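For reference, the chains in residue letters:
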Amino acid sequence: MKTIETYPVTGMSCAACATSVESMLKNTAGVNDAAVNYANQSVHLNFDPDRVSLNDLDEVLQGIGYGLLLETEDDDTQAKQQEIQDEYYRQLKRRTIGAGALALPVMVLGMFFMDLPYVNFIMLGLSIPVLVFFGKSFFTNAWKQARHGKTNMDTLVALSTGVAFLFSTFNTFYPQYWYARGLEPHVYFEAATIIIFFILLGKLLEERAKGKTSDALRKLMNLQPKLVRVKRGGQETEVDVKEVQIGDEVIIRSGEKIPVDGKVLSGSSFVDESLMTGEPLPAEKRAGAEVFAGTINQQGSFSFRAEKVGKQTVLAQIIRTVQDAQGSKAPVQRLVDKIAGIFVPVVLGIALLTFVVWLVVGGENALTHALLTSVSVLVIACPCALGLATPTAIMVGVGKGAENHILIKDAESLETAHKVDAVILDKTGTLTQGRPEVSGWYWSEKEGEFKSRHMAAVRAIERRSEHPLGQAIAASGQEGDSVHVASFQSVTGSGVMGVVDGKKYVIGTSDFLENEGIEVDSKLAELGTQLRGKAQTVIAVGWEGTQIALIALADQLKSTSAEAVAQLKKQDIEVYMLTGDNAETAAQVAKEVGLEHYMAEVKPQDKMDFVEKLQAEGKTVAMVGDGINDSQALAQANLSVAMGHGSDVAMDVAKMTLITSDLLALPKALKLSRRTVATIRQNLFWAFIYNLIGIPLAAGVLYPLNGFLLNPMIAGAAMALSSVSVVTNSLRLRGLRL
């Protein structure tokens, strides 16, 4: 038995913390796998609850200074995590302001007033609160890590500032030790305090920026109202949304958000579903229609029966998918995690080596230079920039996708999408609407009154039919609402008959009309042949022994399908259409959308075989479909994309879902993937370059050439800047125009 869930982690302050948490959990009996995401402070756990409980895992992490935010009954962990992060941000802000208020005077004294009497004691007095109170967390966290033989960013900060402070304190009380040896007793209180201030400031800016990466997720979560009106025991009462139960009758008034999924019982209205579906026009809701949490009621009011509540709603599932995707790891991140895991020990080794080398070759100021350079190495090294490079870009990319109705299930699919060079499109429901619609009425006579009178009667009769074509005819207009049908008869596979105003109508195939004694119109018959050649379905209408009309129906192309195909081609992607429909229909659709490559009358297995064929040619294939018949090909493809209105099976198999019927979301998704991967590469490049240049500079490699030694204060500012720059670069994705 295994459980796979994502839980918030508390107490992580750097990327190396994430590595420590992951390592501790992976080495705990009963845990099959653990993937920690520092950017959104969460862990994706795969564990056996029979062997280890969540409380046990929480205790393991508390031993090294972290913790799991566990879900309890009727508890909103996301809200609680947000509360903890908000409180952490407020505390961090207070600590940063406090450290700055004391560190800046120390810096001014240390740089411009070193000759003042007792200046070293004044700086010592100002420095103690900075280290003991405002910077306390660095030391306590470093100690907790050290007890378990682990290191993180706090280790570097605690060692560098601690050594600088202790060395300066010694020189303040015992300056004669250095005077006796002909050396000046330098103090570095300004370095120790400013380092803590800069790192706190960097963390504050980082937390603020990281908070913005989850804006899209918060927008989704805010779609659901907190309070709901329900009818219980004949009485209307207002309850918390968490208290709504399946079967409750929920009352919705004009302008209100719908709290849970369900079916309309009474009343009617138009509901704005654009935030979830991307469809611009409000959807009409009458008795029996489905409504979804997070959508917004417009003018009318209605009541509905709750059918899905809590985590079962479509909105909750979308939120869960976005959370999981933001918390998942792209393949490149696994390599970065390994580097971050050994980064701090390597830096400690470099700092120690730097100290020893300077002691040996540093001349009369050997100890001073050894201290300065080793402290600078400890301070400037930044695993956070490395650790944030990938997850922040993934979080913003997934959030940007959610805002544009692109639901990305994991980071790997976001990374894979940028390599796609072949796209396979299903026809029905992907390029087309997926349902028959009336494309035209063709009459034997042209008088307007004749047309409108018979059109109303035909629609009234077809409203009694259960056949999809009959329903499409009935839905093609409002005429017929008030027409009375005296008798109705359905003949399976042929058509329907009805009597209106004492006159008999026969609606169906030409053969059906002939069998009922209807004289077929030769011109309409010829037109019917032409329409069938254009992949349209033709229904004949007879009245009082004579054929009076033809109704043409077709699965209409979506208005944006041709543009979507054109945009994919502009991105140098080969586009194919596979359909189970006949060759004539396939050829017509391919011509209208501008496709050269298509196959007709293919079975589900054929679709999968075609995906394999393209992959064998070295192509990275994206399969787009919406039906159960597409699921095999979706599973085989490198990138599987489902249309959001399609079957649950297709959406379960797919790694990416377009929560809209607009195929233009597909080229947008591929563009988003390319920009996200480019951002990840930029982040990693700058993070690596920063450390490759910064650490040797801090170690003093330029000193023999030009006498340059990096001040630890500058090193602290550079370290803070590196993390902030990586997060800021990721946030540029928010402004991407798709």
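Residues numbered from 1 in each chain as written. Predicted model: local features only at pLDDT ≥ 70, side-chain atom pairs only at ≥ 80, totals over all residues. Heavy atoms only, no water.

You'll find the protein chain entered in an unreviewed UniProt entry as Copper-translocating P-type ATPase, with Persicitalea jodogahamensis given as the organism. Note on the protein chain: under the UniProt heading Sequence similarities (unreviewed entry), the record states "Belongs to the cation transport ATPase (P-type) (TC 3.A.3) family. Type IB subfamily." (UniProt positions renumbered as here; feature names shortened; annotations may be inferred.)

A. Structural view of the overall build of the protein chain. Scanning the protein chain from N- to C-terminus turns up 28 helices and 25 strands. Excluding contacts between residues fewer than 6 apart, the proportion of contacts in the protein chain whose partners are at least 24 apart in sequence is 68%. Here the protein chain displays about 33,100 Å² of accessible surface, and carbon together with sulfur accounts for 54% of that area. (Helix = DSSP H or I, 4+ residues; strand = E, 2+ residues; numbered from the N terminus. Contact = heavy atoms within 4.5 Å. Areas by Shrake-Rupley, 256 points an atom, 1.4 Å probe, with all protein chains shown as cover.)

B. Structural context of the packing of helix H21 (residues 561–570) against helix H26 (residues 665–699). Axis separation between H21 and H26 bottoms out at 8 Å; the angle between their running directions is 25 degrees. Taken together, H21 and H26 sit at an angle that is classed as roughly parallel. Together, Ala 564, Gln 567 and Leu 568 of H21 and Leu 666, Pro 667 and Leu 670 of H26 make up the contact between the two elements. Per-class residue counts for the contact of H21 with H26 are five nonpolar, one polar and no charged. (Axes fitted to C-alpha atoms, helices over the stretch in contact; angles between N-to-C directions. Parallel < 35°, antiparallel > 145°, perpendicular 65-115°, else oblique. Nonpolar A, V, L, I, M, F, W, Y, C, P; charged D, E, K, R; others polar.)

C. Spotlight on the UniProt feature "transmembrane region" (unreviewed entry) in the protein chain. Taking the numbering used here, the UniProt-annotated feature "transmembrane region" (unreviewed entry) corresponds to residues 97–114, 120–143, 155–174, 186–205, 339–361, 367–390, 684–703 and 709–731. For residues 97–114, the helix share is 89%, the strand share is 0%, and the end-to-end C-alpha distance is 25 Å. Between the C-alpha atoms that bound residues 684–703 there is a distance of 29 Å. The span itself is 85% helix and 0% strand.

D. Here's a closer look at the sheet that holds strand E25 (residues 656–658). Spatially, E13-E25-E24-E23-E14-E21-E22 is the arrangement adopted by the seven strands of the open sheet, whose pairing is mixed. Edge positions in the sheet fall to strand E13 (406–408) and strand E22 (597–599), since each of these pairs with one other strand and no more. Strand-to-strand twist of the sheet, defined as the mean angle between neighbouring strand axes without regard to direction, takes the value 20 degrees. (Pairing = 2+ DSSP bridges.)

E. How the structure looks around the sheet that holds strand E4 (residues 67–68). The strand order E2-E3-E1-E4 describes an open sheet built from four strands, whose pairing is antiparallel. Both outer strands of the open sheet, strand E2 (31–37) and E4, are each paired with one neighbouring strand and no more. Sheet topology note: the strand E1 (residues 3–10)/strand E3 (residues 42–47) ladder contains six bridges and is antiparallel. Across the sheet, Thr 3 pairs through a bridge with Phe 47, a residue of E3.

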